[in-house]
Amino acid sequence: MMMQVDPRREFPRRFVPKDADMGDWAQIEPLFTQLLARPINSMEELEQWLYDCSELGGALAEDRARRYIAMTTQTDDPVREQAYNHFVQEIDPKTKPMWDALDRAYLAHPYRKMLPMDRYGVMDRIVENNVALFREENVPLETEEVLLSKDYQKLSGAMTVTYQGQELTLQQAAKFLDETDRRVRQDVWELVVRRRLQDHDAIEDLYDKLIDLRTRIAKNAGFDNYRDYAFKRRRRFDYTPADCFQFHEGVERAMLPLVNRVYEDRRSKLGVRSLRPWDTQVDPLGRPPLRPFEASDELIKGCEEIFRRVDPGLGDQFKFMWEEKLLDLESRKGKAPGGYQSTLHERRWPFIFMNAVGRDDDVRTLLHEGGHAFHQLASREDPLIHYRTTPYEFAEVASMGMELLAAPHLNVFYRNESEFKRSYRNTLEDAVLIFPWIATIDAFQHWIYTHIGHSRDERRKSWLEIYRRFQPSLDWSGYEDALNYLWHRQLHLFTSPFYYIEYGIAETGALQVWLRSRADHRAAVERYWQALALGGSKTLPRLFEAAGAKFKFDYGTLKPLADAVGEELDRIGD
Ligand SMILES: [Zn+2]
């Protein structure tokens, strides 16, 4: 079976006027008013009304995404920044009460109960949840939260260090951790740590403000603490805090032995007495960094070929994205750091942004974002915007799963067998080494938001305890202060509270897809694609099942995955 979609099919506006400007509230508001006032006299009319709501949502989302893309592809242009801020500050807060009114109108509608729930059930649950959580008085608090998170990005974005007379951003400095000269790695690492500590009071202040604000938002919505609110807000309908604790325990018992083995192997290859925080990234055999490509054209051609080997249809889809200029990949001055996949919801096209500089990681990043892009394309025919987005717990199965499904084809970039092995090994090691950090960040957030009024000292102690539980292999002696505030560099704690375990749940799913692919690659890829085509139209357990995976992330699920990765690492060798 070919992974077929028609990416060029258009979905013209039917309800929103063709030339309506989605950045102008005077043109947007009447559309909400019309939807609220429209009489609905049959189930079919209710469905059409839902589609029209989705059309408006798609038009607004695309306008927002285009502004965001424009800003991040050229951050030194104040006009672009202003255009994005206008949307966040002027349009978003005004649409929120409107969406709430539409949600309420839907819930109250007599024809709602006639809709087939196998089709509408998931959407229905989302809308019910939206209405249960919405509080008008939280709208300004949420805007304040967004602005405070921006302060965090400003603080960390402004940090630089000077090494050998050269001023480096922390991102640039991080590349020195690849250096084979241990002295260089340690020197740069120390510079970065000292620079971060300079601002540690400002960051602690900011975090206290955020915790306080979030706790108020939760109380306004009728919850005892922000943890319980966040579980609803993040639509965790299918798992509970108890499941998260089981994940922590599963990581500790199933993944840590393998992680410790990988670190011990690294330590002995490096020939050092103990593994220090500046030893985790360098090639343990002292080889120079992999250089899979020079220009971004080569990166694109190589990934297209890899996708084609996974499935010819995916190769075509990726080629289409290149032709339509939906890829902005190479690093250049003025571009925001990092990488993301964004969706143009009206055109129903994906867009990939990253900062490629020719490293092995860049290939993996593009394979990852490619998985997200295929997910968008696979579900683009669905008229409900709710179903063209997928919960993160499964969306990251699409991307992390693609990294693993593509790994056997990395020889497209690495003709030399030992380089290929090295890259494949990196992919598998990354998939495992990520677990302890996810458990650490998740456990820490559970503690933070259920210990209201804690002191900074209690927070520090709790952090250390959790860190030591999940990261016993690294030697921090002499750098206790750096360890105390290590969490300050985890962006999600500041900008997306409680968003992190999703990666662990998804990696558990992705590894299950990978395990199936070792027995039958073709069959695993087909199920992967079928699950992607469902978009967000099913519950998490059903989406995982469609992909051939269990929606579980406890010891019993993690153990066989750890064993299989361990075996494969042994088989690959160096
Ligand atoms: Zn992702």
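What you see is a predicted model, and the numbers here were worked out from it, not measured in a lab. (Residues numbered from 1 in each chain as written. Predicted model: local features only at pLDDT ≥ 70, side-chain atom pairs only at ≥ 80, totals over all residues. Heavy atoms only, no water.)

Visitor: With reference to specific residues and values, describe the coordination of the zinc ion.
Guide: Looking at the zinc ion, one finds its protein donor set to be His-368 (NE2), His-372 (NE2), Glu-396 (OE) and Glu-396 (OE), positioned 2.1 to 2.4 Å from the metal centre. Classification of the site at the zinc ion as irregular follows from its four donor atoms and the range of 54 to 140° in their angles at the metal. Linear spacing of the donor residues for the zinc ion on their chain is H-x3-H-x23-E. Of this pair, His-368 sits in helix H13 (residues 360-378) while Glu-396 sits in helix H14 (residues 392-406), and the two are 28 residues apart along the sequence. Like Glu-396, His-368 is buried. (Donors = N, O, S within 2.8 Å, 3.2 Å for Na, K, Ca; no water. Tetrahedral: all angles 85-135°; square planar, octahedral: opposite > 155°, others 65-115°. Helix = DSSP H or I, 4+ residues; strand = E, 2+ residues; numbered from the N terminus. Buried < 20%, exposed > 50% of the residue type's maximum accessible area, 1.4 Å probe, protein only.)

Visitor: Account for the packing of H14 against helix H20 (residues 521-533), with residues named and values stated.
Guide: Interhelical geometry of H14 versus H20 gives an angle of 155° and a closest axis separation of 11 Å. Taken together, the axis directions place H14 and H20 in an arrangement best described as roughly antiparallel. In this structure, the crossing between H14 and H20 has a hand that is left-handed. Judged by residue contacts, Phe-394, Val-397, Ala-398, Gly-401, Met-402 and Leu-405 of H14 engage His-521, Val-525, Tyr-528, Ala-531 and Leu-532 from H20. (Axes fitted to C-alpha atoms, helices over the stretch in contact; angles between N-to-C directions. Parallel < 35°, antiparallel > 145°, perpendicular 65-115°, else oblique. Left-handed = near helix turned anticlockwise from the far one by under 90°. Contact = heavy atoms within 4.5 Å.)

Visitor: Describe the sheet that holds strand E4 (residues 340-344), listing the residues and the values that go with them.
Guide: Strands pair in a sheet through their backbones, by hydrogen bonds, and they do so in one of two ways: parallel or antiparallel. Taken together, three strands build an open sheet; the order of strands is E3-E5-E4 and the sheet is mixed. The open sheet is flanked by strand E3 (327-330) and E4, the only strands paired with a single partner. Ignoring strand direction, the axes of neighbouring strands in this sheet form an average angle of 15°. Judged from the three bridges that link them, E3 and strand E5 (residues 349-356) form a sheet pairing that is parallel. Paired with Glu-330 across the strands is Ala-356, a residue of E5. Where helix H11 (residues 296-310) meets the sheet, it contacts E3 and E5, and its direction lies at approximately 120° from that of E3. Sitting on the sheet, helix H12 (residues 312-323) touches E3 and E5, and the angle it makes with E5 is about 75°. (Pairing = 2+ DSSP bridges.)

Visitor: Just give me the short version of the nonpolar core, but keep the residues and values in it.
Guide: In terms of nonpolar packing, the biggest core is built from 150 residues, with Leu-299 and Trp-463 touching the most fellow members. In terms of residues, this core owes the most to one element, helix H15 (residues 417-450), which gives 15 residues. In this view, Leu-299 contacts Phe-293, Leu-329, Met-354, Ala-356, Asp-362, Val-363, Leu-366 and Phe-413; residues no more than four positions away in its chain are not counted. One finds Val-16, Trp-25, Met-123 and Val-127 within the second-largest nonpolar core, a separate group that totals 31 residues. (Core = buried A, V, L, I, M, F, W, Y, C linked by side-chain atoms within 4.5 Å.)

Visitor: Hey, could you go over unusual backbone geometry for me, with residue numbers and the actual values?
Guide: Positioned with a positive phi, Arg-235 is a non-glycine residue whose angle comes to about 55°. Here the phi dihedral of Arg-348 falls at roughly 60°; this positive angle occurs in a residue that is not glycine. As for its position among the elements, Arg-348 is in the loop between E4 and E5.

Visitor: How would you summarise the packing of aromatic side chains if you had to cite specific residues and measurements?
Guide: Summed over all chains, the structure comprises 40 aromatic pairs. Ring centres of Tyr-226 and Tyr-229 lie 5.6 Å apart, and the angle between their planes is 45°; on these two criteria the pair is classed as tilted. Taken as a pair, Tyr-226 and Tyr-229 lie in helix H9 (residues 226-233) at a separation of three residues, close to a single helical turn. Residue classification places Tyr-229 among the buried residues on the basis of a relative accessible area of 2%. Residues Tyr-449 and Phe-498 carry aromatic rings whose centres are separated by 5.6 Å and whose planes lie at 40° to one another, so their mutual orientation is tilted. Note that Tyr-449 is positioned in helix H15 and Phe-498 in the loop between helix H18 (491-495) and helix H19 (501-519), a separation of 49 residues in sequence. Of the two residues, Tyr-449 and Phe-498, neither departs from the other in class, the shared state being buried. Arg-253 extends its terminal NZ or CZ atom over the ring of Tyr-555, reaching a point 3.8 Å from the ring centre. (Phe/Tyr/Trp six-rings, centres within 6.5 Å; stacked < 30°, edge-to-face > 60°. Lys NZ or Arg CZ within 6 Å of the ring centre and 35° of its normal.)

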